[in-house]
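Architecture at a glance
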There are 2 protein chains.
Amino acid sequence: MAAADSRAAAPAGRRMLEEIREQPAALRRLVESSEGIADVARWLREAPPNAVRLVAHGTSDNAATFGVYAFGLLPHWMALRDSISLTVYYDVEFETDDSVVIALSQSGETPDVVQYVEHMRARGTRTLAITNAEDSTLARLTDRVLLLHAGPEHAVAATKTYVNSLGALALLAGHAGGHGREVADALRATADLLAEETISLERSVATMAVHFSSLKRMFVIGRGVELATAREIALKLQEAARVAADALTATDLAHGPVAAVDRSLPIWAIATTGESLPAVVEATKRARALGAQVIASGAAAGSIDDASFLLPTSPAPMPLLSPLISVLPGQLFAHALGLAKGLDPDAPTGLSKVTRVP
Amino acid sequence: MAAADSRAAAPAGRRMLEEIREQPAALRRLVESSEGIADVARWLREAPPNAVRLVAHGTSDNAATFGVYAFGLLPHWMALRDSISLTVYYDVEFETDDSVVIALSQSGETPDVVQYVEHMRARGTRTLAITNAEDSTLARLTDRVLLLHAGPEHAVAATKTYVNSLGALALLAGHAGGHGREVADALRATADLLAEETISLERSVATMAVHFSSLKRMFVIGRGVELATAREIALKLQEAARVAADALTATDLAHGPVAAVDRSLPIWAIATTGESLPAVVEATKRARALGAQVIASGAAAGSIDDASFLLPTSPAPMPLLSPLISVLPGQLFAHALGLAKGLDPDAPTGLSKVTRVP
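What comes next is a walk through the structure. (Residues numbered from 1 in each chain as written. Chains lettered and ligands numbered in written order. Predicted model: local features only at pLDDT ≥ 70, side-chain atom pairs only at ≥ 80, totals over all residues. Heavy atoms only, no water.)

A short note on the side chain of A:Thr161
Our working definition: Helix and strand assignments follow DSSP, with helices taken as H or I runs no shorter than four residues and strands as E runs no shorter than two, numbered in order from the N terminus. Two N or O atoms count as a polar contact when they lie within 3.5 Å, although within protein this holds only if one can serve as hydrogen donor and the other as acceptor, and sequence-adjacent residues are included solely when both atoms are side-chain atoms.
By the secondary structure assignment, A:Thr161 is in helix α9 (residues 160-176). For A:Thr161, the side chain forms a polar contact with the side chain of A:Glu153, separated by 2.8 Å.

Description of the interface of chain A and chain B
Rules: Contact between two residues is taken to exist if any of their heavy atoms lie within 4.5 Å; hydrogens are not considered. Two parts placed together each lose some accessible area; with a 1.4 Å probe, that loss summed over both constitutes the buried area. A carboxyl oxygen of Asp or Glu within 4 Å of a side-chain nitrogen of Lys or Arg is what we treat as a salt bridge.
Taken together, the contact pairs 69 residues of chain A with 69 residues of chain B. Buried area between chain A and chain B, summed over both chains or domains, comes out near 6,000 Å², and the portion from carbon and sulfur atoms is 59%. Three residues stand out in chain A for area buried against chain B, namely A:Met78, A:Tyr89 and A:His255, and they jointly supply 11% of the buried area on that side. Inspection of the chain A/chain B interface yields 2 salt bridges. Put simply, A:Arg223 and B:Asp112 hold a salt bridge, and the shortest N to O gap is 3.1 Å. At the boundary of chain A with chain B, the tally comes to 22 residue pairs in polar contact (both at pLDDT 80 or more).

A few points about the pattern of salt bridges
Residue and element names in this part refer to chain A. Quick note on the threshold: Each residue is placed in one exposure class: buried if its accessible area under a 1.4 Å probe, protein chains only, is under 20% of its type's maximum, exposed if it is over 50%, and partly exposed if it falls in between.
Inspection of the entire model under this criterion finds 36 salt bridges over all chains. Here Lys236 and Glu239 are joined by a salt bridge, their closest N and O atoms 3.0 Å apart. Taken together, the residues Lys236 and Glu239, both in helix α11 (residues 227-241) and 3 residues apart, mark about one turn of the helix. Classification of Lys236 as buried rests on a relative accessible area of 0%. Each member of the salt-bridge network shares a partner with another, and the members are Glu32, Asp185 and Arg188.

Re the relation of the copies chain A and chain B
Rules: When the copies are overlaid, the least-squares fit takes in C-alpha atoms only where the residue has pLDDT of at least 70 in both copies.
The two copies are related by a screw motion: chain A maps onto chain B through a turn of 180° and a shift of 0.0 Å along the axis, at an RMSD of 0.0 Å. One copy is carried onto the other by what is essentially a two-fold rotation axis. Judged by C-alpha distance, A:Asp246 is the residue of chain A that lies nearest the rotation axis, at 2.9 Å.

A look at the pairing of strand β7 (residues 244-249) of chain B
Residue and element names in this part refer to chain B. Heads up, the condition is: Pairing between strands is defined by DSSP: at least two bridges between the two strands are required. Look down the strands so they point away from you; if going from the first strand over the helix to the second traces a clockwise path, that crossover is right-handed.
Counting buried residues in β7 gives 5 out of 6 residues, a clear majority hidden from the surface. Where strand β6 (residues 217-222) meets β7, 6 bridges bridge the pair, whose relative direction is parallel. Bridged to Arg217 within β7 is Ala244. Read as a crossover between parallel neighbours, the route from β6 over helix α11 (residues 227-241) to β7 is right-handed.

Focus on the sheet that holds strand β5 (residues 144-147) of chain A
Residues and elements named next belong to chain A. Heads up, the condition is: Only the contacting stretch of a helix is used when fitting its axis, a line to C-alpha atoms as for every element, and angles between N-to-C directions run 0 to 180 degrees.
Here 5 strands make up an open sheet; going across it, the order is β2-β1-β3-β4-β5 and the pairing parallel. Unpaired on one side and paired on the other, β2 (79-81) and β5 mark the two borders of the sheet. Here the strands of the sheet are splayed against their neighbours by 20° on average, with no regard to which way each runs. The pairing of strand β3 (residues 100-104) with strand β4 (residues 126-131) spans 5 bridges and is classified as parallel. The residue of β4 that forms the bridge with Val101 is Thr127. On the sheet, helix α4 (residues 34-45) packs against β3, β4 and β5 and is oriented at approximately 145° with respect to β5. Along the sheet face, helix α5 (residues 58-73) touches β1 (52-55), β2 and β3 and points at about 160° away from the line of β2.

Quick word on the sheet that holds strand β3 (residues 100-104) of chain B
Residue and element names in this part refer to chain B. Taken together, the 5 strands give an open sheet; going across it, the order is β2-β1-β3-β4-β5, and neighbouring strands pair in parallel fashion. Each edge of the open sheet carries a strand with a single partner, namely β2 (79-81) and β5 (144-147). When strand polarity is set aside, the average angle formed by the axes of neighbouring strands in this sheet is 20°. Relative to β3, strand β1 (residues 52-55) runs parallel, the two being bridged by 4 bridges. Looking at β3, one finds that Val55 is bridged to Ala103. Across the sheet, helix α4 (residues 34-45) touches β3, β4 (126-131) and β5, and the angle it forms with β5 is around 145°. Across the sheet, helix α9 (residues 160-176) is in contact with β1, β3, β4 and β5; its angle to β4 comes to roughly 140°.

Don't take any of this as a statement about function, it's just geometry.
Structure follows, in structure tokens:
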């Protein structure tokens, strides 16, 4: 009761901000629990899956987007964000199916994810839950469980459970591919960088939020591993700041959506050093030519010419882990923008912490 | 030269409207060419793939979204919209890879799709192009080619090549699963329905377009096979009418984006009879409760309570083919809305017919 009262009395957006600040500590807790993750990886390697079927919604689905890259890059396993409908609504049984299911849900209660796992278990498919809730339906249903160790998350807009979901997927893929220790070390260094960056970025986003206080629409673009970041930043902007934000790959922007760009539709570009950077640079040039304001974030933010705002971050200790840092400017900006618009980022309209819709 | 002149003189949006009207004839041409599709299906069945890797951008990628369902429902093959980056930028070779590549591009020239196919061919993976351009780079590169037979498409916003891409995927999946003739017959009936619906829908969308002439943002929701429709309608709204439209599954709407919904952000719901209808009904209820206007289209549009606008369509002759009809109200509305906003739907800003960006 006391806890509930003190939470009710928190100033607008306080919980979300505190949870963003807790991310480095939460990530360190996860890494220290990684012996359990190594066990799960051994279990997977006993019969390497022909496909890793990731199922999730919302923030967890954005983590699944990252999972496609983590499993592709480390153990070279094909992973996909699976269609839940094909299994739950249409009851399709796939031919030649030696896959493994990874269900992601911070609450462990997402109804159609639970149903999907029930269907797949009944067919004898191996199942794994990645969740923050040890005592959840999903954790009870699946063969194995990876706990996020993020600690209680009270803000509706998930932040530290997202970073830890990426960390858990990276550790699992790392152990599956024989790089577990390397990933764990890189995650420890990532936690240190996150702690440093949080302080300086909190200041940078405050000015920007005032400038954008009437923002209603935005495109967020990334490519490669940063597609997950683009999707998660767009979701935070929707939840915490009521912006109709759409996430796209840099290349997809040019295949149609660029036609909607104008002075009132800014582009947020996640620029990370690597092979996919030219696609992001090119996409922002086209958007600038149409009069759009550009916000550039990430370790290669400086490569984006003519950006109206720069939110540079440190390079990650390992390219795959870049999204754990790249998401931070977006989380903080969405929070600051929500406040600047007079909203309470902790209490988005129409949402509750556990989503129980069909 | 004469052709170019006569095109330049066309009234705003004329080409797009003509091409929408040509869809029934284009679809019939495709069905009559389906002997070639049956051959390709036989070639695939010689060694059933453990995964069908679909690669595309823009409208073709929305067709790929449909392909995941077509291959899942008919031959029970796992299909995925593959990450182009993992192959093109990170050069990952997957373990246990007995997949087949299907590259979709109406022009056959999309640069990173071409590069992806080059990488996969070099590894000995079977490749197939689905394209409207017989003499294209993609058609020359791949082992097999399915031509769309849509006829020349001049409007930048693709319409008849989309419907024929869905038709080609349905025929291929149908032949692969031993239902080729059934799909062909159902597509012929679909072409007849499309012809009838076009006339009545052209009238209905005209009134709606005037009402929404200051529309800047929209969410488009669908579920199951209609996720492809939601994505394609959102893309047409971006291209032809400069609306920042975001496509979501009905369930994903509840996992965050619903927080951005208010009176200025209407929801377009694609309602089709079937297992996933309750999720769509539930999502629109939540949006209505937040003050959003709801547009309901599709064969089950009447199941959506309190919709401000209804654009009902006929049920498809086969549930899988529903998206070929469901997309029509969105194509016509995007066109009418572009005109109502004083834009030229044939000439979206910043786009050309063949997208050649990296």
